[in-house]
Amino acid sequence: MSEAKILQSTSRIESTVLPDPGLKRLYDECKAENGVTIIIPNWNHRPYLSRSIHSALGAIEHLREAGYQGELIVIDDASRDGSQKFLRTVQALYGDAPLKTVLLERNFGLPRLRNLGMRMSHYRHVCMLDADNELVGDNLPLFLQSGLQTGAALVHGLLIDQRDGRMTGIRSDNVASMRLTAGNYIDAFALVDATKLLRTGGYVTDQRLYGYEDWEMILHLIAEEERVVFVPVVMGYYHLAPGSMYAETAANKGPRPSTAAPEVVALLRRMYAQTGTREWDAIKVGRIYHPAVGYID
Amino acid sequence: MESKAKACYLRPGMQTKTLAIVRPHAAGDHELAGRLSKGFRASSQAVTMYLSSEVCVLSDEVLSGTTLLVASPKRCIETSGDESVFLSKVACAQKRILASIGRVDSSGYLGRLQRGIHFDAVLDLGFASQEDRHAEISEVPYHFVFNGPTREEEPLAKEPANPEERTIPWVLVGPKSESNRDLLGELFEQGVDPGGFCLLQARVLSKSTAHPLLGSQGLSAVLSKARFYLWSADREAAYYESFRFIEPLLAGTVPCKIESDLAAEGPDIPGVYASVSALQAEIRDEGYLAMYRRARDFYISGGRLAKNLTEALRLV
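Everything quoted here is computed from the prediction, not taken from an experiment. (Residues numbered from 1 in each chain as written. Chains lettered and ligands numbered in written order. Predicted model: local features only at pLDDT ≥ 70, side-chain atom pairs only at ≥ 80, totals over all residues.)

Asker: Please clarify how the overall build of chain B should be interpreted in this entry.
Answerer: The number of helices and strands found in chain B is 15 helices and 11 strands. Going through the 316 residues of chain B one by one, you find that 40% of them count as buried. Nonlocal contacts in chain B, meaning residues at least 24 apart in sequence, comprise 75% of its contacts between residues at least 6 apart. (Helix = DSSP H or I, 4+ residues; strand = E, 2+ residues; numbered from the N terminus. Buried ≥ 20, exposed ≤ 12 C-beta atoms within 10 Å, placed from the backbone. Contact = placed C-beta atoms within 7 Å.)

Okay, structure coming up:
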């Protein structure tokens, strides 16, 4: 599917916004093991949607070639920038593609969107893809294999930071350790086991932690003694651009969660770094894994 | 200058009676010391390994009949426990040889030569002689030693086993440096198979608390499933790190260094590329197996480490 084709078709096709999301009827409680659901939550990121959708559909092709299945769910959080119109077009144009769009009438916020996506997913393994980021589709089967073989609740890979088409850095490239109680360095752009995350209550929607729900989630998983696995392979591109989700978070909450407001750090440390339950030290809780090799560390 | 230095210092045919490798206590060139030890063991040359602190308690009589091969002298001095005693004991030795890997025109190299020990010679372990560069900065006699195969490494497989099972297209492992990050960026910009293994570790301030993410066993396991092992220049000077060549080759992986300055010098060492696109072109034109064979043949062609070390020592 070419980017240009999607954009050219935007003005020609219309469909109806869900008048009442009726969210519960969207839930899929019985999740299959042999594939990945890619979830793109979107709020006013129309300029980037074609790129993320294109990469997600490409990744599903790679899953198929590797003998797996895949689906893409794009959930729009009441955007006002024409994203819903654009998504209706995409849905109409690519009706045969494994693509679902959910167009919400009122804004739910990112953590609720991610929870909704995990409830809707047909597959147990869910790839969280921000609307402005991009998957390296060739590698998604490796991440799925890693999730299936290790039983990890969260599998993360390298993310390449890009600005103006040039690489500017790498993130999510370190194994999970108790250093996470001081600041998050593992992005939400990862493969998660939806059943395990939902069992822990999903992403927290507490207003005090808004913008840090992915940090809380990984600490929560570690506290629940769930496995967090790092696969040293590139999972995708993290695009840094004005108006991108990263830029918005940085503007509102500081550049990185590690520089989060003191009250947020204090709250999360109180919740997850208590002496007596988990020592606040350098214990390594994550593992390095590659399907061709097994555990490596 | 070189011929004068040879005339002054080299006495061909002279045999070393006792040889000892001196290495620092906690950190330093352990890899170098270990490799020298393996090399000499295979050469029937008796060799003892001392920590620098152990040298301090050796008698002057023992030392007067011993040639010391010092790896990482700066760290040896620092971890000896008593700098002045260590230096005086080293001065008592029959001969003092600096064992070196790395560029000879670096500030670190000059520091090693000038840090309180008067060396009688330098043994430079690598794949290409740096005699000319060394002559520009020091009059200490220089001897190049080709870092060839040890007894444990032989026989080297003519062909890597099960090439079809090597599903990892490339491996990039090392510090999270700007050069490695740039190399990763170039790999993706050039559209190389994106399924490579990339583990770049952030530098830590304290070496004593640094735990490598990937130990030697882990790296060997990864290399045994990979086709190409890549690295780039850590610094802006052209140099080929022979130690980075050996482990991949033994695991059946083709060592490939991406460094434009080194490639421009046209070294005899295979697997040096000016850019990722140059590497891609070679992979396309020659393929993994041919590239492996070329690397293997080069490694063998330089002679065994034991023989090379013995010959170099004979010249000291």
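Asker: What is the right way to look at the sheet that holds strand β3 (residues 66-71) of chain B in this model?
Answerer: The strands making up a sheet associate through backbone hydrogen bonding, with each pair oriented either parallel or antiparallel. Residues and elements named next belong to chain B. Strand order in the open sheet formed by 6 strands is β2-β1-β3-β4-β5-β6, with parallel pairing between adjacent strands. Both edges of this open sheet fall to β2 (47-51) and β6 (142-146), since each of them pairs with a single strand only. On average, adjacent strands in this sheet sit at an angle of 25 degrees to one another, irrespective of strand direction. In this sheet, strand β4 (residues 95-100) lies alongside β3 in parallel orientation, the contact comprising 5 bridges. (Pairing = 2+ DSSP bridges. Axes fitted to C-alpha atoms, helices over the stretch in contact; angles between N-to-C directions.)

Asker: Honestly, the environment of A:Val126 in this entry has me stumped. Any pointers?
Answerer: All names here are of chain A. Relative to the helices and strands, Val126 is located in strand β4 (residues 123-128). The class for Val126 is buried, based on 27 C-beta atoms found within 10 Å. Spatially, the C-alpha atoms of Val126 and Leu158 are 17 Å apart, while their sequence positions differ by 32 residues. Beyond its immediate chain neighbours, meaning those up to four positions away, Val126 contacts Thr37, Ile39, Gly117, Met118, Ser121, Val192 and Ala194.

Asker: How should the interface of chain A and chain B be read in this particular structure?
Answerer: Taken together, the contacts link 19 residues of chain A with 18 residues of chain B. Looking at the side of chain A that touches chain B, the elements with two or more residues in it are β6 (154-163), β7 (166-171), β9 (228-239) and β10 (286-290) of chain A. Of the residues in the side of chain A that touches chain B, the class split is 14 nonpolar, 2 polar and 3 charged. (Nonpolar A, V, L, I, M, F, W, Y, C, P; charged D, E, K, R; others polar.)

Asker: Whenever I open this one, the nonpolar core confuses me. Can you help?
Answerer: Nonpolar side chains tend toward joint burial in soluble globular proteins. In terms of nonpolar packing, the biggest core is built from 162 residues, with A:Ile218 and B:Val171 touching the most fellow members. Among the elements that line this core, the one with the most residues is β9(A), at 9 residues. Counting the residues that make up this core, at least three belong to each of domain 1 (2-146) and domain 2 (163-301) of chain B. Once you skip the residues sitting within four places of it in the chain, A:Ile218 turns out to touch A:Leu154, A:Ala176, A:Leu180, A:Asn184, A:Ile186 and A:Val228. (Core = buried A, V, L, I, M, F, W, Y, C linked by C-beta atoms within 7 Å. Domains from an automatic or database assignment.)

Asker: Would you mind showing me how to read the packing of helix α2 (residues 46-65) of chain A against helix α3 (residues 83-93) of chain A here?
Answerer: All names here are of chain A. Packing of α2 against α3 brings their axes to within 9 Å, and their N-to-C directions diverge by 30 degrees. Judged by the angle between their axes, α2 and α3 are roughly parallel. As for how α2 packs across α3, the hand of that crossing is right-handed. Where α2 abuts α3, its residues Arg46, Leu49 and Ile53 lie against Ser83, Phe86 and Val90. Residue classes in the contact of α2 with α3 are distributed as 4 nonpolar, 1 polar and 1 charged. (Parallel < 35°, antiparallel > 145°, perpendicular 65-115°, else oblique. Left-handed = near helix turned anticlockwise from the far one by under 90°.)

Asker: Looking at this structure, I do not really get the environment of B:Cys56. What am I missing?
Answerer: Mapped onto the secondary structure, B:Cys56 falls in the loop between α3 (52-55) and α4 (60-64). C-beta crowding within 10 Å serves as the criterion here: with 19 such atoms nearby, B:Cys56 is assigned to the partly exposed category.

Asker: In this structure, what is going on with the sheet that holds strand β10 (residues 254-258) of chain B? I would like to understand it.
Answerer: Residue and element names in this part refer to chain B. Pairing is parallel across the open sheet formed by 5 strands, whose spatial order is β8-β7-β9-β10-β11. The open sheet has two free edges, formed respectively by β8 (197-201) and β11 (272-273), since each of these has just one partner strand. Note that strand β7 (residues 168-175) and strand β9 (residues 226-232) share 4 bridges and pair parallel. The partner of Val171 across the bridge, within β9, is Tyr229. This element, helix α9 (residues 178-189), spans β7, β8, β9 and β10 of the sheet and lies at about 160 degrees to β7. Lying over the sheet, helix α10 (residues 216-223) contacts β7, β8 and β9, oriented at roughly 155 degrees with respect to β7.

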